[in-house]
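Spelled out, the chains give:
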Amino acid sequence: MPQASVVPPTLPFSIRGFRAWLFCFARAGGRPSLALPVWEHLPRGGRKAGGRGRPETPPPSRSCSRPGAGPRDVADGLRGAPKPPLAMGPGPRLWLLFQLHLLAQASPRSFVVDRERRVFLLDGVPFRYVSGSLHYSRVPSQLWSDRLHKMRMSGLNAVQVYVPWNYHEPQPGVYNFQGNRDLVAFLKAASSEDLLVILRPGPYICAEWEMGGLPSWLLQKPDIVLRTSDPDFLAAVDSWFHVLLPMVQPWLYHNGGNIISLQVENEYGSYFACDYTYMRHLAGLFRALLGDEIFLFTTDGPEGLKCGTLQGLYCTVDFGPADNMTKIFAMQRKYEPNGPLVNSEFYTGWLDYWGGSHSTEDVKSVTRALQDILELGANVNMYMFHGGTNFGYWNGADWKKVYLPVTTSYDYDAPISEAGDPTPKLFAIQNVISKFQELPLGPLPLPSPKMKLGPVTVKLDGDLLNFLHVLCPDKPIHTHLPLTFEAVKQDYGFLLYRTWLPQNLTKPTQLWVQNSSIHDRAYVMLDGVRTSVPRRQGVSGDYGTRQGRSIVFDWASRIHIGCAAGEYGEDQLWVQSQ
């Protein structure tokens, strides 16, 4: 039998690609290999009927595996193909056994820090990620592949994503990972675009998301202290992570998946508690459920590094184009003197608040700062690369001495617009990236076609209170004093309070709300007629002389960041006439 002619590869390659080639060689038997790189092309074709010589014509080559594929990927591709004979001469057999021995000694798939060279190593090779943030909870699942493809074609090699706890566990012990909440389907979509994943599972995520991703049902225990080692909070976190983390465990990079790192908490140094016991508990929980091989990190602004970091968790920073990059990276160096520089949130734009103007970030300032970061050899994640939309009531709210609810749009002035279209900012960023690493071949997809709806006529069918039998089919709750949203187990939406005044008032009377306890917005009505709209700030006013009073609470959103002493915006109403 003719001996196989094997040409060792001379270019660098990862062990996962070599492993895929080795599997194909074993299937190919002793047939000669082509002169092309052996991990990309292998011969295929039959011999002469009854013959033992070479094929009459050179067999067509086939792609054995895409770069980065593992044995499982190759096996799936070969499962439906005709199986060639496994006959093999003594020379190839000995060579194969030798290579199997080397393979057994080789390092497995890994993502680690090389502290001597101050770089990441991916499968033992120096690696730098250029990533972008995309939140699956803000993009319909039908569009995930489109957005991820545009990110890959822009030159990114990773995607960073949050996991909102309240999006998946609406009630204690009730979980939803279907449809737009299918996290595994999102990981698969990212994998199909050859994008690595930087996962940020919280439990708190900020993200300008409702209550920072924490479930509102936590507030049903009025004394709970969120984001601390409070036993009630830790019990809920443990229960959630015992569901979430085993789900993502097969997707860790060293297990054959695409998740290279996980963030513990989120900008914890900006929180008032500074509870190291809590952070140690989270780190131990991650390692207990996922193993010691996982790469865990933290992210904080420059003021939060003291309380946000923990030994054993890699410290990263975040900043925008206008910040002092040299100063902030120097602060990271105090905590990570021997390791790669990482900006986990490089801001390409900013969020919008109701009542404010659309935020924008100059293209030149973004690209100039990005180039400076890459010239330092730093790793970077652009927040956001595609913002998307806050559907339903999932928008959060800032507290910056005033209450600032976030808009439905989360466009963020990102490189990919809310509609999913490439922007001039994207092409400028792509040009910067091309100076440091090779871009994928092919053009970016064109902007999607848009619908022209024309004029829309809205017909009034009646007042809100005329439809209570449809909106509220259950009987009302009777209480001596008004209850909060959490007390009646309503996460968001509208809540109607009704009462009769104890006496007929003959002159204008002021409505007073104790401790300014309206945490959103209320519509006050007397006998069905709206008289005022008190908000979170400023709730006093004259409300007339009639007896019947209704107050409808309009949900704005719970605070996601900037709260004092753990106050997350639960609604309370204590109304008195005085």
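- Per an unreviewed UniProt entry, the recorded name for the protein chain is Beta-galactosidase-1-like protein isoform X5, and the organism is Phascolarctos cinereus.

**Here's the deal with the overall build of the protein chain**
- On a plain count of helices and strands, the protein chain comes out with 13 helices and 22 strands.
- Split into buried and exposed, the 578 residues of the protein chain put 50% on the buried side.
- Across the protein chain, contacts joining residues at least 24 apart in sequence account for 73% of those joining residues at least 6 apart.
- For the protein chain, the computed accessible surface area is about 27,900 Å², with 56% contributed by carbon and sulfur atoms.

**Re the pattern of salt bridges**
- Applying the stated rule across the entire model yields 10 salt bridges.
- Beyond isolated ion pairs, a larger network of salt bridges with shared partners links Asp146, Arg147 and Lys150.

**Notes on the sheet that holds strand β5 (residues 125–127)**
- Taken in spatial order, the three strands of this open sheet run β3-β4-β5, and their pairing is antiparallel. Strand pairing shows two members of the sheet lacking a second neighbour, β3 (111–114) and β5, which therefore form its edges. In this sheet, adjacent strand axes meet at a mean angle of 45 degrees when their direction is disregarded.
- Both β3 and strand β4 (residues 119–122) contribute to a ladder of four bridges, which runs antiparallel. Bridge assignment links Phe111 to a residue of β4, and that residue is Leu122.

**What about the packing of helix α7 (residues 231–248) against helix α8 (residues 276–290)?**
- In the contact formed by α7 and α8, the axes pass within 11 Å of each other and the chain directions differ by 25 degrees. Of the possible angle classes, the one that applies to α7 and α8 is roughly parallel. The chirality of how α7 crosses α8 is right-handed. Every residue of α8 that contacts α7 at Phe233, Leu234, Val237, Asp238, Phe241, His242 and Leu245 is listed here: Tyr278, His281, Leu282, Leu285, Phe286, Leu289 and Leu290.
- Broken down by class, the residue content of the contact of α7 with α8 amounts to 11 nonpolar, two polar and one charged.

**Re the state of the cysteines**
- Evaluated as defined, the whole model comprises one disulfide.
- Sulfur-sulfur distance for the disulfide between Cys274 and Cys307 comes to 1.9 Å. Judged by the torsion about the S-S bond (-90 degrees), the Cys274/Cys307 disulfide is left-handed. Of this pair, Cys274 sits in the loop between β9 (259–263) and α8 while Cys307 sits in helix α9 (residues 305–308), and the two are 33 residues apart along the sequence.

The rules we used
Residues numbered from 1 in each chain as written. Predicted model: local features only at pLDDT ≥ 70, side-chain atom pairs only at ≥ 80, totals over all residues. Heavy atoms only, no water. Helix = DSSP H or I, 4+ residues; strand = E, 2+ residues; numbered from the N terminus. Buried < 20%, exposed > 50% of the residue type's maximum accessible area, 1.4 Å probe, protein only. Contact = heavy atoms within 4.5 Å. Areas by Shrake-Rupley, 256 points an atom, 1.4 Å probe, with all protein chains shown as cover. Salt bridge = Lys/Arg side-chain N within 4 Å of Asp/Glu carboxyl O. Pairing = 2+ DSSP bridges. Axes fitted to C-alpha atoms, helices over the stretch in contact; angles between N-to-C directions. Parallel < 35°, antiparallel > 145°, perpendicular 65-115°, else oblique. Left-handed = near helix turned anticlockwise from the far one by under 90°. Nonpolar A, V, L, I, M, F, W, Y, C, P; charged D, E, K, R; others polar. Disulfide = S-S within 2.5 Å.

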